[in-house]
Amino acid sequence: MGHIIEVPERGRGGVGTCKMIGVRLRGFSVRYSNFFLEPMDLSIDPGERVAVVGANGAGKSTTLKAIAGRLRDYEGGVELGGEDVRSRLPEIRAQIGFLPEKLLGFGWMTVGEHLSFLSAFYPTWDHEYAEELLERLELPSASKVGTLSKGMAVKLSLVGAEAHRPPVLILDEPTSAIDPVMRRELLGIIDECAPGGGDRLVIFSSHILEDVEFIAERVVLMRVGRILEDVATAELRERDPGAPLSQILLQALERS
Amino acid sequence: MTKQAFRAVVGVEFQRSRQFLMGVGIMFSVATVAVLVLGFGRAGWSAVLSILGISLALQVPLEVAKDKMTGGLELLTTLPLSASTLAAARLTAGTLFSALSALSFAVAAGVAWPGIGADASTVRTIAVSFPVFWITISACCSSALGLALRFKAKTVMTYGFLTVLAAFLTVGYLYERLFGSPLRAIQAIMASDHTLLIATATALVASALVLAGSFLLARKGLEIYEPEPDAMDW
């Protein structure tokens, strides 16, 4: 890792080039008045789909924000494609698709205007692909952003994060507070957009263990500001063959 | 930072300025109507009520103002957009909008004057002073933002000088018209309609300079600034 490799892009919506970018955290640590994230090392390669799992307050969102270039005050280093994130801001954000916990946008814009606004910032924005995603997710482009339900807002966030085909896709609690049908639909689309073993990297946080089972190939278990375990889902399954992964994860969290 | 992205932010900020001004404008209009209804033709009352009306109009609830000024900022700070460029775009939109608003108001006032009548001098003074104040406030904000953006010292001094001059002339003109000048030496200057024109022109020049500076800054890619990691206050 440490280099950016350009390879022919796979997936939907046309052919282009996609940079393969890995993520590396070296001694990454955060200290707030009421929260301390212990120094952690983490390395994620292109093509990996990693779930960061833990209860509320474990430090999942903080870690994801740092990787997405939305956190300034921390110790240690966060690298994308071998480059320090903080020293390459804000340009490096163009390499990242970030789906935040809460939809960020102007409530008075329509869905179409919102996406059109976002497209101005990303040279690789694919308008056709964005349209296709909108149709697929049944998002009416004339709806006002401020009137969208939680589920629709998440869908719109996903389109915004995905339409410029970033090499790194970061999803912060993408399925929390949406119904199971919509959850499965959303995960299916994420699975299609960034298939495991491809050239893109997906990091997502969740406390819904079934989501992890569906999409992740590797799990980082966190609890109260530290990493408990960083393990492949295949290895987890071997611990209790036959048991659902969510159950094994729950046991691991309870043991800690 | 592409021109396209800069234009997109200016467009959004312009829209937000419009929404903000609509809220402020409604309050301002209500106060103006109150001033006109209560103060018109009652010598001695009109000045007090005018000031009271303007004060009331400026009492925009702080939380509303804050929401309008910071709303959407979180989205903007997640984009590949530096804090300096964001500030420059907001400044450009704000200045542009203020200038256009003031111009519209001046045109409206010009149309309305003949109907108001030549003897309604207080009403006329207040009406004329609105756009001038508007531009002056805009120029003041621009100067402050120029400082925040670390414009070069000479540029900031120029903005500052023009702003202070415009504010002094405008306030002086309004004060003289409403209360009469306590200093006879400057009464002649303040009572002149030319003063108002000079104040307007000065404020407009200040705004135009800031506007031009913002565009130049954006075109140069803000290379004169240190890289700023983020505008978020986590």
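Residues numbered from 1 in each chain as written. Chains lettered and ligands numbered in written order. Predicted model: local features only at pLDDT ≥ 70, side-chain atom pairs only at ≥ 80, totals over all residues. Heavy atoms only, no water.

A. Region of the structure containing the sheet that holds strand 8 (residues 96-99) of chain A. All names here are of chain A. The sheet built from 6 strands is open, its strands ordered 8-9-10-5-11-12 with mixed pairing. Since the sheet does not close on itself, it has two edges, and those belong to strand 8 and strand 12 (226-232), each with one partner. Between one strand and the next, the sheet's axes are offset by a mean angle of 15 degrees, whatever the strand orientation. Bridge count between strand 5 (residues 49-53) and strand 11 (residues 218-223): 4 bridges; the pairing is parallel. Looking at the pairing, Val52 lines up with Val220 of strand 11. Seen against the sheet, helix 8 (residues 245-255) touches strand 5, strand 11 and strand 12 and runs at an angle of roughly 30 degrees to strand 11. (Pairing = 2+ DSSP bridges. Helix = DSSP H or I, 4+ residues; strand = E, 2+ residues; numbered from the N terminus. Axes fitted to C-alpha atoms, helices over the stretch in contact; angles between N-to-C directions. Contact = heavy atoms within 4.5 Å.)

B. Quick peek at the confidence of the model for chain A. All names here are of chain A. On average, residues of chain A carry a pLDDT of 85, and 92% of them reach 70 or more. Within chain A, no element has a lower average pLDDT than strand 1 (residues 5-8), which sits at 40, and none a higher one than helix 2 (residues 111-119), at 94. Confidence over residues 1-17 falls short of pLDDT 50; this stretch has 45 contacts with residues more than four positions distant or in other chains. (pLDDT = per-residue confidence, 0-100.)

C. Representation of unusual backbone geometry in the model. Residue and element names in this part refer to chain A. In this structure, the amide linkage connecting Leu89 to the following residue, Pro90, adopts the cis form with an omega of 0 degrees. In this structure, Glu173 takes a positive phi of about 50 degrees despite not being glycine. Position of Glu173 relative to the elements: it lies in the loop between strand 9 (168-172) and helix 5 (180-193). One non-glycine residue with positive phi stands out, namely Val224, at about 40 degrees. Judged by its relative accessible area of 63%, Val224 is exposed. (Buried < 20%, exposed > 50% of the residue type's maximum accessible area, 1.4 Å probe, protein only.)

D. Just the packing of aromatic side chains, in detail. Residue and element names in this part refer to chain A. Applying the stated criterion across every chain, the model contains 6 aromatic pairs over all chains. Measuring from ring centre to ring centre gives 5.2 Å for Phe117 and Phe121, while their planes differ by 70 degrees; the resulting arrangement is edge-to-face. Taken individually, Phe117 and Phe121 each receive the classification buried, so the pair is uniform in this respect. Above the ring of Tyr129, the side-chain terminus of Arg165 is found at 4.0 Å from the ring centroid. (Phe/Tyr/Trp six-rings, centres within 6.5 Å; stacked < 30°, edge-to-face > 60°. Lys NZ or Arg CZ within 6 Å of the ring centre and 35° of its normal.)

E. Here's a closer look at the interface of chain B and chain A. Counting residues at the interface gives 25 residues for chain B and 22 residues for chain A. Both faces considered, chain B and chain A share a buried interface measuring about 2,300 Å² in area, 69% of it formed by carbon and sulfur atoms. Between chain B and chain A we count 0 salt bridges in total. Seen at the junction of chain B and chain A, the total is 1 residue pair in polar contact (both at pLDDT 80 or more). (Buried area = accessible area lost by both parts, 1.4 Å probe. Salt bridge = Lys/Arg side-chain N within 4 Å of Asp/Glu carboxyl O. Polar contact = N/O pair within 3.5 Å; in protein donor to acceptor, adjacent residues only side chain to side chain.)

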